[in-house]
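Breakdown of the fold
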Amino acid sequence: MARIELRGINKSFGAQRALRDLDLVVEDGEFFVLLGRTGAGKTTALRVIAGLETPDSGQVLLGDNDVGGWTAAERDVALVLQQYSLYPRLTVRGNLEFPLRSRIRKFSEPEIAARVEKAARTLQIPHLLDRKVERLSGGEMQRVSIGRAIVREPSVFLMDEPLSALDAKLRESLRVELKKLHSTLGATFLFVTHDQVEAMSMADKIGVLQKGRLVQVGTPADIYDRPRNTFVARSVGSPPMNLIDGHLSGGMAELAGFRLPVVAAGERAVTFGVRPENLVLDPGAPGEARIFDIEDQGVVKIVAMDVGGTRLHATVPARTRVLRDEVVRFGWKPDRILTFDPQTGANLAQV
Amino acid sequence: MARIELRNIQKFFGAVQVLKDVNLTIDDGEFVVMLGQSGCGKTTTLRAIAGLETVTSGTIAIDGREVQGLRAADRDIAFVFQSFSLYPHMTVQENIAFPLRAVGMSQTDRDAAVTEVAKVLGIERFLHRKPSALSGGDMQRVAIGRALVRRPKALLMDEPIGALDAKLREQMRAEIKRLHIARASTSVYVTHDQIEAMSLADRIVVMHAGLLQQVGTPEEVYNRPANLFVAQFVGSPVMNVADVVVEGGAGAVVLGFGQGQGIPLDGGHVGHLPRRPVKLGIRPEAVILAHGPGEGLVETQTTNIEPLGSHDIVDVRLGDATLRARAEPGFAGDGQRVWVGLDAERAHFFDGATGMALRRTA
């Protein structure tokens, strides 16, 4: 069994607290993505699980075992990092065989050959087996690194930003491959990234990490549509969710000089959250804004516009024609508007 | 302000040819983005314009005057790099004023010029700080200020925001664009990031292996890619490319994807294609997905889904190909029955051997 559990993990580096009372459960066979910015503690959490870092307090459980006293090798988890850490002088085959020839693992030669063959087929690299690693492209190298992790057939994979160093096209195809690999192996994946697209596109569950604490755990849809607070709301989606301070009254959002309908009820000061795709440019709408910038992304345009002192981003159809500094009118989709507490940032629908 | 002309530029580093007959005219006041992977020759081209690199042959003219023999300092061009290269012991004010001191401008004129450029960049309140006290974005603003202060004929930028985080990059893109509009300076900007290119450029120059692949507006490059390389370099997710065969006669034809699966199309869209395998290029937003049968749709199965919140990317199997579709939320990932079609107006075809676009002669 390969359930991962962290209970009350604390870890400091000098005066800096990297992890604060971190509780985390990754179920057996789950693809769990830990999403956070640089310094949020995601790599530290991964290293604590791998046994490369000792926590100051708290428990690490793998399956039913408390592995606090176990070495990294004893934990038998596979680690894939952003840097490939392959042996440049060995062939791909040599690199894949290497973990199987370790002194603490005794594999017969036919067993080694069979496992290397199987890993190579899974990753579609059989044609590269006899090539020197230094002659591979970045994507091929990362595939070999993953191959080196899977030959041992571990039940837990820990991956630290393995796609970050690759170009956009390759990242896209490896995302799909990793998901396929996960379902083929049936193993538990814990994947760490700062890239919200990777988190949204691959995860069964996303955990959003902020300053060493887990803020929310949920499916990609939970995180995107029902964020617990403004931090989570702005950590997924591109451009990030717009936040507009205003007042909620009689089913209307009272903003700087105009009102827009909302579904929420109540009577109070509110920070309204609206995703860029839920803002609508419409000559008859109540809101007025001045266009600051237009980005043509081909499939859509991203319009940055100023309303009073607030800059909003709207995703509009590619055929939309607007000019810089033009004054436009806009509304929004009332049923897609979130409301947050202006002081705490908490989602008012969930309080 | 300047018009920059490159004529038949060749550049060798030893035996390696990094620029192959580059011809390009950048108009006065234009914002041109050179887009390509690392090693494609885009930075070498920029450095050749600046005079930081010699060319093996060919001419570079600025406002009609050939400059390929001139030193960088004599070309009156400013340069901004990814690394900020500010003087750490000088204040922001002194850093920006530095190029003006070098040309012997008076203190009063210098102060006026620095204040003006600082205002445009929104860094007036930092003028007395040292660079080490600034954030990455502000440091790059100072570097841009220093480049602009002496009103150069042209501003050349090499991945100037590549080292900044995503949020700041987005903000700086808009600022650089507005600054360009305000100053009307001829700008050449190098990047590997297609979103930067799409959002900043009047014209994009796509480079690959030392050759210009296409020169055009962002809309042209996105909607009428000249070849497979351009088609797959611009746009996210990447444009689908599949080997197809045109089957059937005049009128209704079928685009065969192998394994007996194909999509019916109006013959008018493919009448110009040769009767041999070609490559279809279709962007995810032009792949139509439906929950039920309909005209021009064929039944298939999903193989993967990427729920991105605002929309989903759904992969479907069609013959030997996997097509990615940009779809509204509502499809499931694995093995769901769906019906797929193509928006033929937005289908591109490329020669299988050369990768060049096969267009209807219009």
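Residues numbered from 1 in each chain as written. Chains lettered and ligands numbered in written order. Predicted model: local features only at pLDDT ≥ 70, side-chain atom pairs only at ≥ 80, totals over all residues.

Examining the overall build of chain A
Helices and strands together make up the secondary structure of chain A, namely 9 helices and 20 strands. Principal axes of the C-alpha set define a box for chain A whose edges measure 75 × 45 × 35 Å. Taking all 351 residues of chain A together, 40% fall into the buried category. Considering only intrachain contacts with a sequence separation of at least 6, the fraction spanning at least 24 residues in chain A is 65%. (Helix = DSSP H or I, 4+ residues; strand = E, 2+ residues; numbered from the N terminus. Buried ≥ 20, exposed ≤ 12 C-beta atoms within 10 Å, placed from the backbone. Contact = placed C-beta atoms within 7 Å.)

Considerations on the domain arrangement of chain A
In many reports, interface size means the accessible area that the parts give up when they come together. All names here are of chain A. Along its sequence, chain A is carved into domain 1 (4-233) and domain 2 (242-350). On a C-alpha basis, the centroid separation for the pair domain 1 and domain 2 is 38 Å. Taken together, the contacts link 6 residues of domain 1 with 9 residues of domain 2. Grouping the amino acids of the side of domain 1 that touches domain 2 by side-chain chemistry returns 3 nonpolar, 2 polar and 1 charged. (Domains from an automatic or database assignment. Nonpolar A, V, L, I, M, F, W, Y, C, P; charged D, E, K, R; others polar.)

Here's the deal with the confidence of the model for chain B
Per-chain confidence: chain B averages 92 in pLDDT, with 98% of residues scoring 70 or above. ipTM for the predicted complex: 0.85, alongside a pTM of 0.87. (pLDDT = per-residue confidence, 0-100.)

Focus: the interface of chain B and chain A
Listed per partner, the contact involves 28 residues of chain B and 27 residues of chain A. Of all the elements in the fold, those that place two or more residues in the side of chain B that touches chain A are helix H5 (166-183), helix H6 (194-200), helix H7 (218-223) and strand E16 (298-307) of chain B. In terms of residue count, H5 of chain B provides more of the side of chain B that touches chain A than any other element does, 5 residues in total. When grouped by side-chain class, the residues that make up the side of chain B that touches chain A number 11 nonpolar, 8 polar and 9 charged.

Topic: the pairing of strand E15 (residues 287-290) of chain B
Residues and elements named next belong to chain B. By the alternation rule, side chains of E15 split into Val-287 and Leu-289, which are all buried, and Ile-288 and Ala-290, of which none is buried. Sheet analysis places E15 next to strand E19 (residues 337-342), joined by 4 bridges and oriented antiparallel. The residue of E19 that forms the bridge with Ile-288 is Gly-341. (Pairing = 2+ DSSP bridges.)

Quick look at the environment of Trp-332 of chain A
Residue and element names in this part refer to chain A. Within the secondary structure layout, Trp-332 lies in strand E19 (residues 327-332). Look at Trp-332 and you get buried, because 25 C-beta atoms sit within 10 Å. With 18 residues separating them along the chain, Trp-332 and Ala-314 place their C-alpha atoms 9.9 Å apart. Ignoring anything within four residues of it in the chain, the contact list for Trp-332 reads Leu-260, Val-274, Asn-278, Leu-279, Val-280 and Ile-337.

A look at the nonpolar core
Of all hydrophobic cores here, the largest spans 191 residues; its most connected members are Leu-158 and Leu-190 of chain A together with Val-33 and Leu-156 of chain B. Considering every element that reaches this core, the biggest residue donor is helix H4 (residues 136-148) of chain B, with 6 residues. Excluding its chain neighbours within four sequence positions, the residues that come into contact with Leu-190 of chain A are Ile-4, Val-26, Phe-32, Leu-34, Leu-46, Ile-49 and Leu-158 of chain A. (Core = buried A, V, L, I, M, F, W, Y, C linked by C-beta atoms within 7 Å.)

Things to note about the pairing of strand E14 (residues 278-282) of chain B
Residue and element names in this part refer to chain B. Within E14, 4 of the 5 residues are buried, which leaves the element mostly enclosed by the surrounding structure. In the sheet, strand E11 (residues 240-247) pairs with E14 via 5 bridges, with the strands oriented antiparallel. Residue Val-241 lies in a different strand from E14, and its bridge partner there is Gly-281. Across 4 bridges, E14 lies against strand E20 (residues 347-350) in antiparallel orientation. For Ile-282, the partnering residue across the bridge sits in E20 and is Ala-347.

Some remarks on the sheet that holds strand E17 (residues 300-307) of chain A
All names here are of chain A. Pairing within the open sheet is antiparallel, and its 5 strands lie in the order E15-E19-E16-E17-E18. A strand with exactly one partner marks an edge of an open sheet, and here the two such strands are strand E15 (279-281) and strand E18 (310-317). Within the sheet, the average angular offset between the axes of one strand and its neighbour, ignoring direction, is 45 degrees. With 4 bridges joining them, strand E16 (residues 287-296) and E19 adopt antiparallel strand pairing. If you follow Gly-287 over to E19, its bridge partner there is Phe-330. (Axes fitted to C-alpha atoms, helices over the stretch in contact; angles between N-to-C directions.)

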